[in-house]
Amino acid sequence: MTTTTVLSPALRKLSLSARLTLRAEFAWYRDLQEYDRALVHTMIDSALAQFSSWFTQYTEHPDQHPQVQVGTIFALGSVQLTEHISLQQTLDLTRFFVDFLELHLDGFTLPSQQQYAREAMAIFAKEIAFAAAQVYANAAQTKHIHQTDNWQEIHTRALQTLIKQSLDLHAIQSQAVQHALAQLYWDTTMPSTAIIAALDAHVTLNTIKVTIEQDGGQCILALLDALDTSSLPDYLQMAQLADSHDQQAQHFIGVVSGPAEQLADMVNHALVYCTTHTVCVGSTGVDTVALVRSLHEVCSTARTLPALMEPEHIVYAHMMLPERALLGDDLAKQQLIHTVFEVLVEQGSDDPIANTVTTFLRAGSSLEATAQLLHVHPNTVRYRLKRSAELTGWDPLIPRDAYVLTTALSLGLMQYSAK
């Protein structure tokens, strides 16, 4: 996944100039696929922004030796970088960027700062070269790890980091998350979904891993009892699935990723080995935020299963939004408010749908009682409820959907009244 760096107009002009020069000087750059070229552009933009920010600190406080944060330049796409762009090409890019900066230092400095500029360039060039080398060294180490038997330890540490990060989706591009995914050689360009399930007897976690990889996918897997989640909120605690009476069952959490048209089949193939207990499945999405969100969802969903008298074999996270909200899951609360309450309210004060749905739910889901309270014909109520279902995806005439709507409306009213 590439991440856009917001540049000032001056830096944006430099970035465009750098791209044109790259195209003129390097045949390998011209031959790159569109996505790989976009990755190079992202690194250039990030490097310009990092140098500009760091150089400002350096010239203001040269005696304090501010640290150069160049690691993020390559961390944003380290997996794709090492897969599609060779070490030699990255070295070409590094040399090019340093030379390019030296030619355009006047855009960063005043005449009185030329001494600082030369010193700064020497420091920055050294750091960016070390950072590039570190990415490829890590990639080589990761490949070695995947050829050994300790993959479960690596997967467990990664999942622990990702689950903890789910409490702050705004900071998802942290170095900890990027490092965790880079350790797994993870391709963030493919959609992914999270699951929690229990292995059938005589099935190992490696069976799930091999099944997914043979289908052309990738996965991160860990046994629940191997995770330390004691520092997380109660609704993210890795308790075993509530419907399990078999103390020997091995429950696991995982992320499955693959091509969009094949992902559902990959998940189903893996779940062939998980037939005895309820399976929790999160949402599917493309990027790191979607991956972490899905993990958050399945952890929270697994904690809600006691609320279901007879749970289905597969329980999807969106089905349990009210129960997750009751547990204190802020992600579920905001999803209900955003996808239900705000959708109905945004229709405008003149639109009667929100009031009709609220009145219907408070009137015991009676069409006739609602019609009397609103002084309209029951068919009018029926039409408005149908329109509400089209807008929100939840049908007030279905008891379970009515519960979702009731929860969403209550949450929305409480949040907006507080404002």
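Here's what I pulled together on the structure shown here. (Residues numbered from 1 in each chain as written. Predicted model: local features only at pLDDT ≥ 70, side-chain atom pairs only at ≥ 80, totals over all residues. Heavy atoms only, no water.)

A tally of regular secondary structure across the protein chain gives 18 helices and five strands. The buried share of the protein chain, taken over its 419 residues, is 50%. Taking the intrachain contacts of the protein chain between residues at least 6 apart in sequence as the baseline, contacts between residues at least 24 apart amount to 75%. Here the protein chain has roughly 20300 Å² of accessible surface; of this, 52% comes from carbon and sulfur atoms. (Helix = DSSP H or I, 4+ residues; strand = E, 2+ residues; numbered from the N terminus. Buried < 20%, exposed > 50% of the residue type's maximum accessible area, 1.4 Å probe, protein only. Contact = heavy atoms within 4.5 Å. Areas by Shrake-Rupley, 256 points an atom, 1.4 Å probe, with all protein chains shown as cover.)

Our focus in this paragraph is the environment of Asp351. The residue Asp351 is located in the loop between α14 (330-345) and α15 (353-362) in this model. Residues Asp351 and Arg384 lie 33 residues apart in sequence; the distance between their C-alpha atoms is 9.8 Å. A distance of 2.9 Å separates a polar side-chain atom of Asp351 from the backbone nitrogen of Ile353. (Polar contact = N/O pair within 3.5 Å; in protein donor to acceptor, adjacent residues only side chain to side chain.)

Pairing is mixed in the open sheet, where five strands are placed in the order β2-β3-β1-β4-β5. The two strands at the open ends of the sheet, each matched to only one other strand, are β2 (218-223) and β5 (314-316). Strand-to-strand twist in this sheet, taken as the mean axis angle between neighbours without regard to direction, amounts to 25 degrees. Pairing analysis gives four bridges linking strand β1 (residues 192-199) to strand β4 (residues 279-285), with the strands arranged antiparallel. Looking across to β4, one finds that Ile195 is bridged to Val281. Running over the sheet, helix α10 (residues 205-214) touches β1, β2 and β3 (250-257) and is turned about 170 degrees from β2. Relative to the sheet, helix α11 (residues 260-271) contacts β1, β3, β4 and β5, its axis offset from that of β1 by approximately 10 degrees. (Pairing = 2+ DSSP bridges. Axes fitted to C-alpha atoms, helices over the stretch in contact; angles between N-to-C directions.)

Taken N-terminus to C-terminus, the directions of α15 and helix α16 (residues 367-374) make an angle of 125 degrees; their axes are 9 Å apart at the nearest point. Taken together, the axes of α15 and α16 lie oblique to each other. Along this stretch, α15 crosses α16, giving a crossing that reads as right-handed. From α15, Asn355, Thr356, Thr359 and Phe360 reach across to α16, where they touch Leu367, Thr370, Leu373 and Leu374. Of the residues belonging to the contact of α15 with α16, the class tally is four nonpolar, four polar and no charged. (Parallel < 35°, antiparallel > 145°, perpendicular 65-115°, else oblique. Left-handed = near helix turned anticlockwise from the far one by under 90°. Nonpolar A, V, L, I, M, F, W, Y, C, P; charged D, E, K, R; others polar.)

What the rule picks out here adds up to ten salt bridges. A salt bridge links Arg324 to Asp329, with the shortest nitrogen-to-oxygen separation between them at 3.3 Å. (Salt bridge = Lys/Arg side-chain N within 4 Å of Asp/Glu carboxyl O.)

Moving on, we get to the side chain of Arg384. By the secondary structure assignment, Arg384 is in helix α17 (residues 378-392). No salt bridge is formed by the buried Arg384, whose closest oppositely charged neighbour, Asp351, lies at an N-O distance of 6.9 Å. Beyond its immediate chain neighbours, meaning those up to four positions away, Arg384 contacts Pro352, Ile353, Thr356, Leu374 and Val376. (Lys, Arg positive; Asp, Glu negative; His and termini not counted.)

Counting residues in hydrophobic clusters, the biggest one holds 33 residues, and the most contacted among them are Leu159, Leu162, Ile220, Ile253, Val255, Leu291 and Leu295. Broken down by secondary-structure element, the contributors of at least two residues to this core are α8 (151-165), α9 (175-183), β1, β2, β3 and α12 (288-304). No other element matches α12, which puts six residues into this core. Setting aside residues up to four positions removed in sequence, Leu162 forms contacts with Val177, Leu181, Ile220, Leu291, Val292 and Leu295. One finds Leu11, Ile85, Leu105 and Ile128 within the second-largest nonpolar core, a separate group that totals 31 residues. (Core = buried A, V, L, I, M, F, W, Y, C linked by side-chain atoms within 4.5 Å.)

Before going further, it helps to spend a moment on helix α6 (residues 87-103). In a regular helix each residue adds 1.5 Å, so 17 residues correspond to 24 Å; α6 covers 24 Å between its end C-alpha atoms and thus fits that length. Among the residues making up α6, those that are buried are Gln89, Thr90, Asp92, Leu93, Thr94, Phe96, Phe97, Val98, Phe100 and Leu101. (Expected span 1.5 Å × (residues − 1).)

A separate point is the packing of aromatic side chains. With the rule as written, the count across this model stands at ten aromatic pairs. Summarising the aromatic geometry, the rings of Phe51 and Phe124 are spaced 5.0 Å apart at their centres and angled 75 degrees between planes, so their arrangement reads as edge-to-face. Residue Phe51 is found in helix α3 (residues 34-60), and its partner Phe124 is found in helix α7 (residues 114-146); the two are separated by 73 residues along the sequence. The burial state of Phe51 is the same as that of Phe124; both residues are buried. What links up through ring pairs into an aromatic cluster is the set Phe26, Trp28, Tyr29, Phe96 and Phe100. Of note, Arg37 hangs over the ring of Tyr29, and the distance from its end group to the ring centre comes to 5.8 Å. One residue, Lys209, lies across the ring of Trp151, its end atom 5.2 Å from the ring centre. (Phe/Tyr/Trp six-rings, centres within 6.5 Å; stacked < 30°, edge-to-face > 60°. Lys NZ or Arg CZ within 6 Å of the ring centre and 35° of its normal.)

Time to look at the environment of Leu263. The residue Leu263 is located in helix α11 in this model. For Leu263, a relative accessible area of 4% puts it in the buried group. Separated by 21 residues in sequence, Leu263 and Thr284 have C-alpha atoms that sit 9.2 Å apart. Excluding anything up to four places from it in sequence, Leu263 contacts Pro191, Ser192, Thr193, Val256, Ser257, Gly258 and Thr284.

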